[in-house]
Number of protein chains: 2
Amino acid sequence: MDNIARVNTLAGEPCDMSTWDAGNCPVRDVMNQIAGKWSTLLLEALAQRPYRFGELRRLVPDISQRMLTQTLRDLQRDGYIDRQVFPTKPPSVEYRMTDLGHSLFAPLSKVLAWAGENHAAVKAARAKYDASELG
Amino acid sequence: MDNIARVNTLAGEPCDMSTWDAGNCPVRDVMNQIAGKWSTLLLEALAQRPYRFGELRRLVPDISQRMLTQTLRDLQRDGYIDRQVFPTKPPSVEYRMTDLGHSLFAPLSKVLAWAGENHAAVKAARAKYDASELG
DNA sequence: ATTGTTGGTCTCAAAAAGAGACTAGCACTA
DNA sequence: TAGTGCTAGTCTCTTTTTGAGACCAACAAT
């Protein structure tokens, strides 16, 4: 049963789950950040061009300022985006994707494209599941 | 400023954010499911071979039964995995990735590979950010 | 008769997310 | 000069999500 104690072999270093150190798995450590509700959405916007705080807020109308601030900070902390403050008269802040961010977005955009292409299939699966649960 | 009201152009159907219907964006609808804390981990395991409930629980020791049940159900609802009950004497349940799941995992595995390759860079960015915040 | 194994559910506490008020400095307006 | 709005946030409060752990029923082996 050795195969039970080993996973993530696709990601270079396999993670030995039997002697598990939760902060040691690259997949979990990286994915748990970009997996947030708003992260991919902001990365998608910032992959196209730099945005200012207020622009992003208008771009994603149903994000709260609190979550926008926090998500941007998390993305900045992981090195995906840069934050630059301009000392204008109402001070403005620009967020810009870094090289690391772009290198992440290359594979990530493929997943996003998949989502667009297969949205109908997913919705169909959902409808089918929900219908069968009612019977 | 028309560019402000439009995003997600990479994903086929662009989402018009000015007349926003939250359930209408493929990217958000699909990503919000696979973006969970445990989803990618379980998809990674099930991409390799089918697993039973207890196997998955041992594979990911720090997931609670409650979240394992719920995450598997969500993945099943979206059509990524199939759940098959065998009427054995302690009844056993097998989870198996569907074709839709595999087609999603193809691009997703590239992101997972990126995570493995760039984990060091992300950790370095984090350390740098944390150090600069203390100063 | 007790223990273990199966795949869960249930309850309760903790953590995370969302809603909305509040801040401060400056510009424009009345 | 007082009022309004813009900037990029923070603070507090409520709701939702997640986590920890007890509990369940059927059967098998001890």
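What you are looking at is a predicted structure, and each value in this text was computed from that prediction instead of being measured.

## Some points on the relation of the copies chain B and chain A
Item 1. Expressed as a screw operation, the relation of chain B to chain A combines 0.0 Å of axial shift with a rotation of 180°, fitting to an RMSD of 0.1 Å. Between the two chains, the operation in question is that of a two-fold axis. Minimal C-alpha distance to the rotation axis in chain B is attained by Ala 35 of chain B, lying at 2.1 Å.
Item 2. Interface residue correspondence from chain B to chain A reaches 100%, placing this contact among same-surface, isologous pairings.

## With respect to the protein's contact with DNA strand C
Item 1. DNA strand C sits among 20 residues. The nearest are Lys 37 of chain A together with Gln 65, Arg 73, Arg 83 and Tyr 95 of chain B.
Item 2. Within 4 Å of the protein, atoms of DNA strand C come from sugar and phosphate in 72% of cases.
Item 3. The side chain of Lys 37 of chain A places a nitrogen or oxygen atom 2.8 Å from a phosphate oxygen of DNA strand C.
Item 4. Between DNA strand C and Tyr 95 of chain B there is a distance of 2.7 Å, counted from a phosphate oxygen to a side-chain nitrogen or oxygen.
Item 5. Going through the elements one at a time, α4 (65-77) of chain A together with α3 (53-59), α4 (65-77) and β5 (92-97) of chain B are the ones with two or more residues in the surface near DNA strand C.
Item 6. Of the residues contributing to the surface near DNA strand C, the split by class is seven nonpolar, six polar and seven charged.

## A look at the protein's contact with DNA strand D
Item 1. Contacts to DNA strand D come from 19 residues, most closely from Gln 65, Arg 83 and Tyr 95 of chain A together with Lys 37 and Arg 66 of chain B.
Item 2. Taken together, the sugar and phosphate atoms account for 65% of what DNA strand D places within 4 Å of the protein.
Item 3. Measuring from a phosphate oxygen of DNA strand D, one finds a side-chain N or O atom of Arg 73 of chain A at 2.9 Å.
Item 4. Among the elements of the structure, α3 (53-59), α4 and β5 (92-97) of chain A together with α4 of chain B are those that each provide at least two residues to the surface near DNA strand D.
Item 5. Split by residue class, the surface near DNA strand D holds seven nonpolar, four polar and eight charged.

What counts, and where the lines are drawn
- Residues numbered from 1 in each chain as written.
- Chains lettered and ligands numbered in written order.
- Predicted model: local features only at pLDDT ≥ 70, side-chain atom pairs only at ≥ 80, totals over all residues.
- Heavy atoms only, no water.
- Least-squares fit on C-alpha atoms with pLDDT ≥ 70 in both.
- Contact = heavy atoms within 4.5 Å.
- Near = heavy atom within 4 Å.
- Polar contact = N/O pair within 3.5 Å; in protein donor to acceptor, adjacent residues only side chain to side chain.
- Helix = DSSP H or I, 4+ residues; strand = E, 2+ residues; numbered from the N terminus.
- Nonpolar A, V, L, I, M, F, W, Y, C, P; charged D, E, K, R; others polar.

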